[in-house]
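Fold and contact review
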Amino acid sequence: MIDLIREIMQTLRNNKLRTILTGVAVSWGVFMLITLLALAKGITDDFEQDVMGKNMTRLRVFGGRTSVPWEGNREGRRIRLDEKDLHTVPSGAKEYVEDVTTNIWGGSSVSTKDAKVNLSYSGVYPSAAKEQQIDDKMTEGRFLNQPDLDECRKVVVISDYYAGQLFPAEGESAVGKTVIINGLAFKVVGVYKSRWNRDVYIPFTTARLMASDRKDLGELSVNLKNVMNQEDGEEAEKQVKNILAKNHGFSPDDESAVWISNYFTNALQAQQGLGILDVSVWVLGILTLLTGIVGISNIMFVSVKERTHEIGIRRAIGAKPRKILIQILAEAVSITLIFGYIGIVMGTAVTQLIDHIFNESGMLGNPTVSLTIAFEVTVVLVLAGALAGLFPALKALKVKPVEALRDE
Amino acid sequence: MNEIIRLRDVNKTYDGAVPLHVLRGIDMSVEKGELVSIMGASGSGKSTLLNILGILDNYDSGEYFLDGTLIKNLSENKAAEYRNKLIGFVFQSFNLINYKNAVENVALPLFYQGISRKKRNALAMEQLERMGLADRAHHLPGELSGGQKQRVAIARAMITDPALILADEPTGALDSQTSKDVMKIFRQLNEEEGKTIVIVTHDPGVAAQTNRLIRISDGVIAPDSPGTPEIPQLVISQ
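The rules behind the values
- Residues numbered from 1 in each chain as written.
- Chains lettered and ligands numbered in written order.
- Predicted model: local features only at pLDDT ≥ 70, side-chain atom pairs only at ≥ 80, totals over all residues.
- Heavy atoms only, no water.
- Helix = DSSP H or I, 4+ residues; strand = E, 2+ residues; numbered from the N terminus.
- Polar contact = N/O pair within 3.5 Å; in protein donor to acceptor, adjacent residues only side chain to side chain.
- Contact = heavy atoms within 4.5 Å.
- pLDDT = per-residue confidence, 0-100.
- Patch = residues over 30% accessible without salt bridge, like charges linked within 9 Å, V, L, I, M, F, W, Y side chains within 5 Å.
- Areas by Shrake-Rupley, 256 points an atom, 1.4 Å probe, with all protein chains shown as cover.
- Salt bridge = Lys/Arg side-chain N within 4 Å of Asp/Glu carboxyl O.
- Phe/Tyr/Trp six-rings, centres within 6.5 Å; stacked < 30°, edge-to-face > 60°.
- Buried < 20%, exposed > 50% of the residue type's maximum accessible area, 1.4 Å probe, protein only.
- Lys NZ or Arg CZ within 6 Å of the ring centre and 35° of its normal.
- Pairing = 2+ DSSP bridges.
- Axes fitted to C-alpha atoms, helices over the stretch in contact; angles between N-to-C directions.
- Parallel < 35°, antiparallel > 145°, perpendicular 65-115°, else oblique.
- Left-handed = near helix turned anticlockwise from the far one by under 90°.
- Nonpolar A, V, L, I, M, F, W, Y, C, P; charged D, E, K, R; others polar.
- Core = buried A, V, L, I, M, F, W, Y, C linked by side-chain atoms within 4.5 Å.
- Domains from an automatic or database assignment.
- Buried area = accessible area lost by both parts, 1.4 Å probe.

All names here are of chain A. Looking at where Asp148 falls in the secondary structure, it is placed in helix H5 (residues 146-150). Here the side chain of Asp148 touches Asn145 through a polar contact of 2.9 Å, landing on its backbone nitrogen. In this structure, Asp148 is in contact with Arg142, Phe143, Arg153, Val155, Pro203 and Thr205, ignoring residues within four places of it in sequence.

Written out as C-alpha cells, the structure is:
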C-alpha cells in the first residue's frame, strides 16, 4: 500500500504542472458543490428557524367582497367578520379547530411627552404572545393577560427597539411608564426583544372599544389541531369557509368573499420547495464536478498514451495486468481526492466567511458544512475518481509487453 | 542435459491481408551456462524469435521449454510471473524508467514480487555495487552516461537471479569502447557466475565474443550454425 502511494506520488510529481491544472478543475467543482450545499443548508435552516418555528398550524381569515350572487344577495357585497364567527367556527369545526382569536389594528402613533413614533397598535388576545413567538422573548414585565381583556385595561406591550426610542434616557425602564395612543394614556406592562417583530400590543377588548366600527373584527386567526398533511390542511380550510359562508350568506365556492391564508399548507409547500432546492443543488454541484472529472479522465488518457513505453517495460519485467490497472485507477482517485479536499477546504473557508458576514444581518441561518456532507462528498470523490480512471486504466491494460522492445 | 532453452518446431504466422509465416519450424536449444548470440538480417524473424524467447509473444505451433517449463498459451498473469522470475531483460535503449533513480529502477522487478522496499533496495544496491555504480545509485537515468545506463539495466536484469539473461542489441546504442565494456560484463557474468546469456545482435564484433552463434534467416536456423550446441566443444570449454 505504501509502495503504491510512493509510485503514485512519483508519477504525479513527474507531471506537476499538468496534474495541478487538471486538479484545479476538480477543486473548483467541489468548491461549487460545497458552497452551494452550504448556502442551501443555510436557507433551509433559516426557514426552519424563522418560519417553521412559528405557530404554523393556523389559518388567517380576512373579510372580502362576494363575487357571485347567493341566496338573494347580489355580488360585490362586503363581508365583515364579526363576533359570531369567533364562536361558531370553533364549535362548527371541532375536529380541526383548536380555538379562534382575532386582533384589531388601529392608531397611527405612540408618544410620550418627549418622543413620538409613528406606529399602529394591534389589539390581541393573550395567546398572541405564542403566535407571534414573543412569549419567551419578554425582557421586562409581562405580556397581556386575561384580566387585561376582561376589564378592557389600557395597558400596552412594546418592543425594546421602540422602548429605547420612547424612553431614551439610559438605564430607564419602560415598564410602568405611560404612553399616549389615540389620545388615551396607556401603561406599559411589558417589553420584548425580537429580531423580526416590533409590533405594539394592547388588549383586544380595549382595541375594540377604540375602533370606529365595533362589529368588524377585520381578521380571524384560527388555530388548527389534528392536521398532519396537505389534505387535512385543505379540509380544515374548507370547513372553516363553509361555516363563514353560512354565517354571512355567501357561496362556499366564492373565491373572494373571504381571504384565507393557510399557513399550514403554505409551510408544507415551502418545505417541498426546499427539498427540491436541496436536490437541484446536488445536481448542479455534481454536474460542475463532472466537468472536472472529465478533465481528469482526459489527462489520464494522455498519461497512459505517453507512458505506453513505460507500461510496456513494467509489463516486460513482470508487472501483472492487475497491477497496472490498480496503479492507473489509484492515480486518478488520488488526484481527485487531493484536489477535491482542497476544494472542500476552500469551500468551507468561504462559507465560514459568508456565515460571519451574514450572521449579523440574519440573512442565512448557519451555512456551514456538516461532517455528513464532507463524508458524502468524499464518497462522491472516490467514485468519481475511479470512474475517471476506469477507461484510461482499461486502455493501459491493452498495452502489450512487446511495447518495451519498441524504440522510443 | 541441462537445457535452459529448448525450442521444437516453433512456427509463428502473423495474420493479415497476406499472412506472414515468420518462423518456419525453429529447432534450437541453449544449455545452462552458455553465452550464445543470435544473428540475422532484418526481416529474418530474429525479433519474433526474441519475443517468443522472452515470453512477450505467443507462437502458433511447436514447443518452447524455458528452464524445464513448457511456455505455451499462458495467461497474461502467468506470462508476467515467468518473465519476472525466469528472465532478465537487457534492451537496446536501456528502457529505464526516467523518473526513477538507479536503485529504484534496479529494484522494480522485486516490487512486482511484493518484496518490501527496504529489502529490495538493499538487494538493488548490492547489484549496483557489483556493476561499480554504487556512487551513482541515487542518480536519475538522465544523469547517467550510456554505458552507466546499460550497466544499471544489467543490474536490473540480474536482481531476480533469473535462469536466462536475454539481451536485445545491448550495444546498439553505445560507442565502441563502451560496447566492449558491456560485453566484458556479459562475459564475466557468464564465466564467473555461470549465467546463461542469449544476445540478439546484428554486430559481428559482438557475436564474435560469444561462445556460439546461431544464425537465423527466412524464419529457419541457418544450416551452417547448428541450433544445438556441439557437445564435445562444450566439454572442452568447461
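Don't stop here, the text continues.
On to the side chain of Thr336 of chain A, then. The topology assignment puts Thr336 of chain A in helix H11 (residues 321-361). Those residues in contact with Thr336 of chain A, other than ones at most four positions away along the chain, are Val26, Ile293, Ile296, Leu381 and Gly385 of chain A.

This next bit is on the confidence of the model for chain B. Confidence in the prediction of chain B, expressed as mean pLDDT, is 90, and 95% of residues score 70 or more. This prediction of the complex comes with two scores: 0.69 for pTM and 0.90 for ipTM.

Glancing now at a nonpolar patch on the surface. Residue and element names in this part refer to chain A. Taken together, the side chains of Met1, Ile5, Met9, Ile338, Ile342 and Met346 present a nonpolar region at the surface, about 550 Å² in accessible area. Listing elements by their share of the nonpolar patch, those giving two or more residues are helix H1 (2-14) and H11. Structurally, the position occupied by Ile342 is in helix H11.

What follows is about the packing of aromatic side chains. Scanning all chains against the criterion turns up 7 aromatic pairs over all chains. When the ring of Phe89 of chain B is compared with that of Phe91 of chain B, the centres are 5.5 Å apart and the planes differ by 10°; the resulting orientation is stacked. Note on Phe89 of chain B: relative accessible area 5%, which makes it buried. Arg58 of chain A extends its terminal NZ or CZ atom over the ring of Tyr263 of chain A, reaching a point 4.5 Å from the ring centre. Its end group placed over the ring of Phe167 of chain A, Lys177 of chain A keeps NZ or CZ at 5.8 Å from the ring centre.

Residue and element names in this part refer to chain B. On the basis of which strands lie adjacent, the open sheet formed by 6 strands has the order E6-E7-E8-E3-E9-E10 and mixed pairing. Every other strand in the sheet has two partners, leaving strand E6 (87-90) and strand E10 (220-221) as the edge strands with one partner each. Two strands pair when backbone bridges link them, and strand E3 (residues 35-39) and strand E8 (residues 196-201) are joined in this way by 5 bridges, in the parallel orientation. Residue pairing in the sheet places Ser37 in a bridge with Ile199 of E8. Running at roughly 140° to E3, helix H1 (residues 46-53) makes contact with E3, E6, strand E7 (164-168), E8 and strand E9 (212-217) of the sheet. The strands that helix H5 (residues 146-158) touches are E6 and E7; relative to E6, the one it contacts most, it runs at about 170°.

Our next topic: the pairing of strand E10 (residues 184-192) of chain A. All names here are of chain A. Note that strand E7 (residues 138-141) and E10 share 3 bridges and pair antiparallel. The residue of E10 that forms the bridge with Met138 is Tyr192. Looking at chain direction, strand E8 (residues 155-159) and E10 are connected through 5 bridges and run parallel. By the bridge assignment, Ser159 is partnered in E10 with Tyr192. Summarising the sheet, strand E9 (residues 178-181) and E10 pair through 4 bridges and their orientation is antiparallel. Pairing of Val179 across the sheet is with Phe186, part of E10.

Residue and element names in this part refer to chain B. Helix H4 (residues 117-130) packs onto helix H3 (residues 102-111) with a crossing angle of 120° between their chain directions and a minimal axis gap of 8 Å. The orientation of H3 with respect to H4, classified from their angle, is oblique. By crossing handedness, the relation of H3 to H4 is classed as right-handed. Across the interface between the two elements, Ala102, Val103, Glu104, Val106, Ala107, Leu110 and Phe111 of H3 pack against Arg117, Arg120, Asn121, Leu123, Ala124, Met125, Gln127 and Leu128 of H4. Looking at side-chain class alone, the contact of H3 with H4 contains 10 nonpolar, 2 polar and 3 charged residues.

Turning to the pattern of salt bridges, a few remarks are in order. By the definition in use, this model includes 27 salt bridges over all chains. Of the charged contacts in the structure, one is a salt bridge between Lys320 of chain A and Glu81 of chain B, with a shortest N-O distance of 3.7 Å. With Lys320 of chain A in the loop between helix H10 (308-316) and H11 and Glu81 of chain B in helix H2 (residues 76-86), this residue pair bridges two chains. Note that Asp57 of chain B is salt-bridged to Lys12 of chain B, the shortest N-O span being 3.6 Å. Pair noted here: Asp57 of chain B is in the loop between H1 and strand E4 (61-66) and Lys12 of chain B is in strand E1 (residues 3-14), with a separation of 45 residues, a long-range link. Its relative accessible area of 23% is what places Asp57 of chain B among the partly exposed residues. Each member of the salt-bridge network shares a partner with another, and the members are Glu7, Arg307, Glu310, Arg314 and Glu331 of chain A together with Lys100 of chain B.

Residue and element names in this part refer to chain A. One finds Val61, Val156, Ile158, Val179, Ile181, Val222 and Leu244 to be the most contacted residues of the largest nonpolar core, which totals 51 residues. The biggest single contributor to this core is helix H8 (residues 230-248), with 5 residues. Both domain 2 (65-102 + 217-256) and domain 3 (105-214) contribute no fewer than three residues apiece to this core. Here Val222 is in contact with Thr57, Arg58, Leu59, Val61, Val89, Val97, Asp99, Val100 and Val240, once residues within four sequence places are set aside.

All names here are of chain A. Structurally, Ala267 is set in helix H9 (residues 263-306). Exposure remark for Ala267: the relative accessible area of 5% places this residue in the buried category. Between the C-alpha atoms of Ala267 and Phe47, which are 220 residues apart in sequence, the distance is 9.5 Å.

Residues and elements named next belong to chain B. Pairing within the open sheet is antiparallel, and its 4 strands lie in the order E2-E1-E4-E5. The sheet terminates laterally at strand E2 (20-31) and strand E5 (69-70), the two strands that pair on one side only. Bridge analysis of E1 against E2 gives 9 bridges, and the strand direction is antiparallel. Across the sheet, residue Tyr14 finds its bridge partner in E2, namely Leu20. The sheet strands contacting H1 are E1, E2 and E4, and the helix crosses E1 at an angle near 125°.

This paragraph deals with the interface of chain A and chain B. Opposite the 27 residues of chain A that make contact, chain B presents 29 residues. Of the roughly 2600 Å² buried where chain A meets chain B, counting both sides, 53% is carbon and sulfur surface. By the criterion of area lost to chain B, the three top residues of chain A are Gln10, Ile317 and Leu405 of chain A, representing 24% of everything that side buries. Along the contact surface separating chain A from chain B lie 5 salt bridges. Inspection of the chain A/chain B interface yields 13 residue pairs in polar contact (both at pLDDT 80 or more). Mapped by element, the contributors of at least two residues to the side of chain A that touches chain B are H1, H10 and H11 of chain A. By residue class, the composition of the side of chain A that touches chain B is 9 nonpolar, 6 polar and 12 charged.

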